[in-house]
Amino acid sequence: MYADGEGVKQSYVLAAKWYRKAAEHVPDLGGAGQGRNNLGLLYLDGRGVPKDYIQAYMWFSLFRVDNQNLVYVKEHMTEQQTLEAERRVKEWKVSHHDQQD
């Protein structure tokens, strides 16, 4: 609602806050995946959060769906950035006890 200004004043900062709450939920009961994808989109474009391809890649990767956004962001990253993003994905899964693939 905050991302689109539906019933509230539009705020990408608040959208990021709520997407993150959904994205952090383990196990993914449906809303986490969408939160991860939407949070990745905010990082991809730098809306409400700093533009960060590594963060975008991480959240798109954790979405666990064949995600064209992941393909797109990877095209804009260096090999070193991709390796760092993959490291963060693994670290996130361990810290959140999320071992599903």
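Residues numbered from 1 in each chain as written. Predicted model: local features only at pLDDT ≥ 70, side-chain atom pairs only at ≥ 80, totals over all residues. Heavy atoms only, no water.

J.: Got a minute to help me understand the environment of Ser 95 in this structure?
T.: Within the secondary structure, Ser 95 is located in helix H5 (residues 79–95). On the basis of relative accessibility, which here comes to 48%, the residue Ser 95 falls in the partly exposed class. Along the chain, Ser 95 and Ala 15 lie 80 residues apart, while their C-alpha atoms are 24 Å from each other. Here the side chain of Ser 95 touches Trp 92 through a polar contact of 3.1 Å, landing on its backbone oxygen. (Helix = DSSP H or I, 4+ residues; strand = E, 2+ residues; numbered from the N terminus. Buried < 20%, exposed > 50% of the residue type's maximum accessible area, 1.4 Å probe, protein only. Polar contact = N/O pair within 3.5 Å; in protein donor to acceptor, adjacent residues only side chain to side chain.)

J.: Teacher, can you tell me more about the packing of aromatic side chains here?
T.: A ring pair, where both rings are aromatic, is described by two values, the distance of the centres and the angle of the planes. Applying the stated rule across the entire model yields 1 aromatic pair. Geometrically, the ring pair formed by Trp 59 and Trp 92 is edge-to-face, given 5.9 Å between the ring centres and 75 degrees between the ring planes. In this pair, Trp 59 sits in helix H3 (residues 53–62) while Trp 92 sits in helix H5, placing the two residues 33 residues apart along the sequence. For the pair Trp 59 and Trp 92, a shared accessibility class is recorded, and that class is buried. The cationic tip of Lys 21 hangs over the ring face of Trp 18; the distance from NZ or CZ to the ring centre is 5.5 Å. (Phe/Tyr/Trp six-rings, centres within 6.5 Å; stacked < 30°, edge-to-face > 60°. Lys NZ or Arg CZ within 6 Å of the ring centre and 35° of its normal.)

J.: Help me understand the nonpolar core, please; the structure alone is not making it clear to me.
T.: Soluble, globular proteins show a tendency: their nonpolar side chains are buried together. By size, the foremost hydrophobic cluster in this structure holds 22 residues, and its most contacted members are Leu 39, Trp 59 and Val 73. When residues of this core are traced back to their parent elements, those giving at least two are helix H1 (12–23), helix H2 (31–45), H3 and H5. The biggest single contributor to this core is H3, with 7 residues. Discounting chain neighbours no more than four positions away, the residues touching Val 73 are Leu 44, Tyr 53, Ala 56, Tyr 57 and Phe 60. (Core = buried A, V, L, I, M, F, W, Y, C linked by side-chain atoms within 4.5 Å. Contact = heavy atoms within 4.5 Å.)

From the geometry alone we can't say anything about function, so treat these as descriptive.
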